[in-house]
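# Structural overview for review
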2 protein chains.
Amino acid sequence: MAERSMIFAAPEFRARTARLQRAMARDGLDALLLTQPADIFYVTGFLTRFWESPARAWFVIVPGSGEPVAVIPAIGADLMGRCWISDIRTWAAPDPRDDGISLLAASLRETLPGTGRIGVAMAAETHLRMPLADFARLRERLAPHRFVDGTKALHSVREIKSEAEIDKIRAACLLADRAFARVPEFVRPGAALGDVFRSFQIALLQEGADWVSYVAGGAGQGGYGDVISPAGPDPIMPGDLVMLDTGAVRDGYFCDFDRNFSIGPASDALRRAHDVLFAATERALVRLRPAMTAAQAHAVMAEAIVQAGAVPLGGRLGHGLGVTLTEWPSFTPLDHTELREGMVLTLEPGLQIAPGKIMVHEENIVLRADGPELLSPRAPATLPEIRL
Amino acid sequence: MAERSMIFAAPEFRARTARLQRAMARDGLDALLLTQPADIFYVTGFLTRFWESPARAWFVIVPGSGEPVAVIPAIGADLMGRCWISDIRTWAAPDPRDDGISLLAASLRETLPGTGRIGVAMAAETHLRMPLADFARLRERLAPHRFVDGTKALHSVREIKSEAEIDKIRAACLLADRAFARVPEFVRPGAALGDVFRSFQIALLQEGADWVSYVAGGAGQGGYGDVISPAGPDPIMPGDLVMLDTGAVRDGYFCDFDRNFSIGPASDALRRAHDVLFAATERALVRLRPAMTAAQAHAVMAEAIVQAGAVPLGGRLGHGLGVTLTEWPSFTPLDHTELREGMVLTLEPGLQIAPGKIMVHEENIVLRADGPELLSPRAPATLPEIRL
């Protein structure tokens with residue numbers, strides 16, 4: 001299982017660590033403490049679904065130089081031992097007396113100079129995956145070392161994908177595209193949306209997903225109400241607009257795009273809504289460039305929708321993508337993050353068809369020097385109709 | 001979709017809230033702030049896979065009396081509006097200027113007396129699902145109100161399952177049992193473990209899982225190495241011990257149990273290991289009672305293994321189960337949590353067959369006044385053999 005649990009060969013991880021350490025030096029961090037699955041996978045290649053259990057905390061220390069150090073529950077020693085790093089320290093978790101905090105404090109102290117600054121992700125789109133009381137203990141133990149926000153170092157590195165990562169995301173997109181092509185097999189009038197969601201997940205697995213971390217969708221006459229609900233028992237009806245959206249995972253990397261379907265012949269309103277969103281996406285595909293901001297990307301799509309006489313949705317119209325279903329930045333008027341070459345992003349324009357009736361369209365791209373390269377095969381230009 | 005998104009009728013949630021508020025009064029908490037998916041689902045019925053996106057924080061306030069208040073990103077308003085609570089406050093997330101913190105601070109202040117104590121889960125098996133920097137801002141805004149550990153109130157309520165919850169967990173167990181019965185369809189010599197994991201997830205979906213949050217397993221000659229690894233490309237071979245373990249989800253509730261299979265005729269060592277684990281589980285099924293401790297439950301199983309002349313695994317031999325794949329307590333010698341009537345638990349004895357070769361057996365139970373009631377249909381008494 002060695003090759004698969006590594007996902008990438010060691011040089012990929014060494015390059016990531018070196019980039020992180022340069023960003024840490026830039027930001028004045030003497031060490032970086034990682035607690036979140038995506039960050040730990042990014043640095044070590046440690047890939048497991050065991051994160052689903054909230055019982056144990058896991059830690060990886062990125063020192064200012066040298067290899068990362070894993071401080072983890074003993075149950076993970078075998079799997080971490082197949083990753084590229086060699087310094088793996090374990091404790092018998094869960095331990096109500098001291099759940100790895102002494103071991104972590106000692107390990108951090110080893111890597112730190114006189115009075116060090118330890119970066120921890122504290123800003124938007126992050127959280128600390130360890131008990132808050134244990135973090136307070138750790139902070140006390142390590143004084144006068146200080147914990148500071150390390151989000152910038154982490155995100156500025158993770159947001160630029162290597163070609164190896166882009167290949168993985170493309171593979172996830174391609175398998176999802178094959179599953180979307182099979183939607184007419186199971187989206188039919190009378191089908192319960194819950195069964196449609198199951199069939200779609202089955203199709204994704206059959207087409208090569210390792211697992212399906214995210215499926216959402218909607219169905220409704222002339223549009224759906226939201227895009228995050230689980231399926232209900234109501235059957236699909238002629239005249240419904242059906243949307244399926246997925247974050248399928250292959251080798252730890254996500255796709256995140258959706259497709260819309262009309263059940264039976266599409267109304268003019270639905271066909272037009274799809275045309276508008278397709279054109280808004282097209283405009284972003286033509287215009288996006290490195291050094292634009294996320295807010296400018298939002299404006300490109302929002303203006304295309306407004307110019308077509310439609311009402312864009314208020315939320316974000318796209319976001320980063322990769323090791324998690326969604327990553328920074330957000331295509332909103334408020335996010336002035338600079339778009340950079342190598343970012344993998346979703347273009348996700350949405351509009352209001354009528355009050356409470358929306359349509360959302362989504363594609364995945366990697367931003368190249370000369371503009372976007374599609375990773376998801378392009379949606380059909382006209383709204384597909386499922387024959388009755 | 002109203003019925004399904006609610007999962008339970010409003011009285012179930014009102015009863016949970018009332019129990020929480022009694023525990024809060026006992027623990028001197030004036031309000032409880034929830035940030036984790038399981039806690040928010042438990043109190044409101046808000047069920048979505050959108051938690052997979054780390055972009056946004058979500059908050060629910062349980063005041064000392066009266067209904068909970070949701071303070072959530074606008075994208076969730078539609079779905080939360082179909083839940084039983086009526087006080088739903090939203091902001092346009094993500095907002096880099098103020099990501100809901102002013103709204104949350106104002107909402108908390110409304111519910112608090114003079115100088116209040118706000119409970120937040122800070123202890124083992126919890127984390128704060130919001131950016132740490134935002135929590136610091138919130139704390140500053142709310143002074144002199146204090147944030148204190150609210151884990152006990154939350155866990156002492158959540159750990160006792162209602163009959164409605166037990167029915168959901170049983171349903172998850174039964175569908176997983178049907179999927180396990182189909183293992184001989186896809187576990188064969190030459191099959192890659194990755195494809196086995198896919199087929200098993202497909203079977204779980206076909207048997208009624210809404211989604212499959214967890215699949216793990218192992219395969220190896222005479223035993224597997226660990227129980228948390230993803231699948232590798234190595235084909236299954238005659239003489240392998242294969243284990244599949246799943247946390248399949250139905251209506252937001254998990255099962256968590258495994259099954260072992262011998263590929264071809266089982267060696268004496270494998271058959272004997274299975275017998276020992278089956279007997280250790282049997283002993284726990286006979287002996288566990290409310291008012292015993294988790295450590296005593298551990299001793300029951302560990303001693304049965306030792307008395308049979310085998311070597312029990314060092315980790316925990318069972319744990320809580322319900323709204324997440326694993327819940328407290330942990331069956332270890334260090335966990336002195338009292339077992340209570342209505343707890344749903346896993347019995348998970350494991351042993352070392354040889355160095356680096358283990359076997360783990362798992363069942364799910366609810367603890368009744370007179371002992372365990374099985375929720376997972378009992379594993380076969382002898383190790384099943386897959387015919388070559």
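Residues numbered from 1 in each chain as written. Chains lettered and ligands numbered in written order. Predicted model: local features only at pLDDT ≥ 70, side-chain atom pairs only at ≥ 80, totals over all residues. Heavy atoms only, no water.

### So, the UniProt feature "domain: Creatinase N-terminal" (unreviewed entry) in chain A
- UniProt feature "domain: Creatinase N-terminal" (unreviewed entry): in the numbering of this structure it lies at residues 16–160 of chain A.
- Structurally, residues 16–160 of chain A comprises 37% helix and 19% strand, and the distance from its first C-alpha atom to its last is 10 Å. (UniProt positions renumbered as here; feature names shortened; annotations may be inferred. Helix = DSSP H or I, 4+ residues; strand = E, 2+ residues; numbered from the N terminus.)

### Here's the deal with the sheet that holds strand β15 (residues 350–354) of chain A
All names here are of chain A.
- Read from one edge to the other, the open sheet built from three strands follows the order β11-β15-β16, with strand pairing classed as antiparallel. Because the sheet does not close on itself, it has two edges, and the strands there are β11 (311–312) and β16 (357–360).
- Bridge count for β11 against β15 is two bridges, and the pairing is antiparallel. Each residue of the ladder has a partner; that of V311, found in β15, is Q352.
- Together, β15 and β16 form the strand contacts of helix α11 (residues 268–287), whose direction differs from that of β15 by roughly 160 degrees. (Pairing = 2+ DSSP bridges. Contact = heavy atoms within 4.5 Å. Axes fitted to C-alpha atoms, helices over the stretch in contact; angles between N-to-C directions.)

### With respect to the relation of the copies chain A and chain B
- Superposing chain A onto chain B requires a rotation of 180 degrees together with a translation of 0.0 Å along the rotation axis, leaving an RMSD of 0.0 Å. These values place the two chain copies in the arrangement generated by a two-fold rotation axis. Closest approach to the rotation axis within chain A is made by the C-alpha atom of I202 of chain A, at a distance of 2.7 Å.
- Most of the interface of chain A is mirrored in chain B, where 100% of its interface residues are also at the interface. (Least-squares fit on C-alpha atoms with pLDDT ≥ 70 in both.)

### Re the pattern of salt bridges
- Counted under the stated rule, the structure contains 60 salt bridges over all chains.
- Notably, a salt bridge pairs R97 of chain A with D95 of chain A, separated by 2.9 Å at the nearest N-O pair.
- Residue D95 of chain A is classed as buried on the basis of its relative accessible area, which comes to 12%.
- Where E373 of chain B meets R368 of chain B, a salt bridge forms, and the shortest distance between an N and an O atom there is 2.8 Å.
- For E373 of chain B, a relative accessible area of 27% puts it in the partly exposed group.
- By relative accessible area, which is 19% here, R368 of chain B ends up buried.
- The network of salt bridges with common partners includes E163, D167, R170, R368 and E373 of chain A. (Salt bridge = Lys/Arg side-chain N within 4 Å of Asp/Glu carboxyl O. Buried < 20%, exposed > 50% of the residue type's maximum accessible area, 1.4 Å probe, protein only.)

### With respect to the nonpolar core
- Core analysis: the largest hydrophobic core is formed by 196 residues, its most contacted members being V187 and L204 of chain A together with V187 and L204 of chain B.
- Ignoring anything within four residues of it in the chain, the contact list for V187 of chain A reads V196, I236, V242, L244, I263 and I386 of chain A.
- With 48 residues, the next largest nonpolar core counts M130 of chain A together with A31, I101 and L108 of chain B among its residues. (Core = buried A, V, L, I, M, F, W, Y, C linked by side-chain atoms within 4.5 Å.)

### Focus on the sheet that holds strand β2 (residues 59–63) of chain A
Residues and elements named next belong to chain A.
- Spatially, the six strands line up as an open sheet ordered β4-β3-β2-β1-β5-β6, and their pairing is mixed. Each edge of the sheet is formed by a strand with only one pairing partner; in this case those strands are β4 (87–91) and β6 (146–149). Taken over all neighbouring pairs, the strand axes of this sheet differ in orientation by 25 degrees on average, direction set aside.
- Bridge count between strand β5 (residues 117–120) and β6: four bridges; the pairing is parallel. Counterpart to V120 in the pairing with β6 is D149.
- Taken strand by strand, helix α3 (residues 37–44) contacts β1 (31–34) and β2, and its axis lies near 50 degrees from that of β2.

### Describing the side chain of Q201 of chain A
- Position of Q201 of chain A relative to the elements: it lies in helix α10 (residues 193–206).
- Contacts of Q201 of chain A, omitting those with residues within four sequence positions, involve V212 and V215 of chain A together with R49, L205, D210 and W211 of chain B.

### A closer look at the interface of chain A and chain B
- Facing 68 residues of chain A, the contacting portion of chain B comprises 68 residues.
- The junction of chain A with chain B conceals about 6000 Å² of combined surface from both sides, 61% of it contributed by carbon and sulfur atoms.
- Viewed at the interface, chain B and chain A are joined by four salt bridges.
- Of the charged contacts, one joins R198 of chain A and D210 of chain B as a salt bridge, the two residues approaching to 2.6 Å between their closest N and O atoms.
- Inspection of the chain A/chain B interface yields 24 residue pairs in polar contact (both at pLDDT 80 or more). (Buried area = accessible area lost by both parts, 1.4 Å probe. Polar contact = N/O pair within 3.5 Å; in protein donor to acceptor, adjacent residues only side chain to side chain.)

### Digging into helix α8 (residues 163–181) of chain B
- Under the 1.5 Å per step criterion, the end-to-end length of α8 of chain B is 27 Å for 19 residues, consistent within 8% with the ideal 27 Å.
- All of the buried residues along α8 of chain B are E165, I166, K168, I169, A172, C173, L175, A176, A179 and F180 of chain B. (Expected span 1.5 Å × (residues − 1).)

### Examining the UniProt feature "domain: Peptidase M24" (unreviewed entry) in chain A
- The UniProt feature table records "domain: Peptidase M24" (unreviewed entry) at residues 168–367 of chain A.
- Annotated as residues 168–367 of chain A, this span is 33% helix and 29% strand, and its ends, taken at the C-alpha atoms, are 15 Å apart.

### With respect to the packing of aromatic side chains
All names here are of chain A.
- According to the stated counting rule, one finds 26 aromatic pairs over all chains in the structure shown.
- When the centroid spacing of 6.5 Å and the interplanar angle of 5 degrees are considered together, the rings of F13 and W84 count as stacked. Pair noted here: F13 is in helix α2 (residues 10–26) and W84 is in the loop between α4 (77–80) and β4, with a separation of 71 residues, a long-range link.
- On the accessibility criterion, F13 (0% relative accessible area) is buried.
- By way of ring pairs, the aromatic residues F8, F13, F41, W84 and Y253 are connected into one cluster.
- Its end group placed over the ring of F180, R259 keeps NZ or CZ at 6.0 Å from the ring centre. (Phe/Tyr/Trp six-rings, centres within 6.5 Å; stacked < 30°, edge-to-face > 60°. Lys NZ or Arg CZ within 6 Å of the ring centre and 35° of its normal.)

### Concerning the pairing of strand β14 (residues 344–347) of chain A
Residues and elements named next belong to chain A.
- Of the two faces of β14, both are covered, the one formed by V344 and T346 as well as the one formed by L345 and L347.
- Where strand β12 (residues 318–320) meets β14, three bridges bridge the pair, whose relative direction is antiparallel. For G320, the partnering residue across the bridge sits in β14 and is L345.
- Strand direction decides the pairing type here: β14 and strand β17 (residues 363–368), joined by four bridges, are antiparallel. When the sheet's bridge partners are listed, L345 is paired in β17 with I365.

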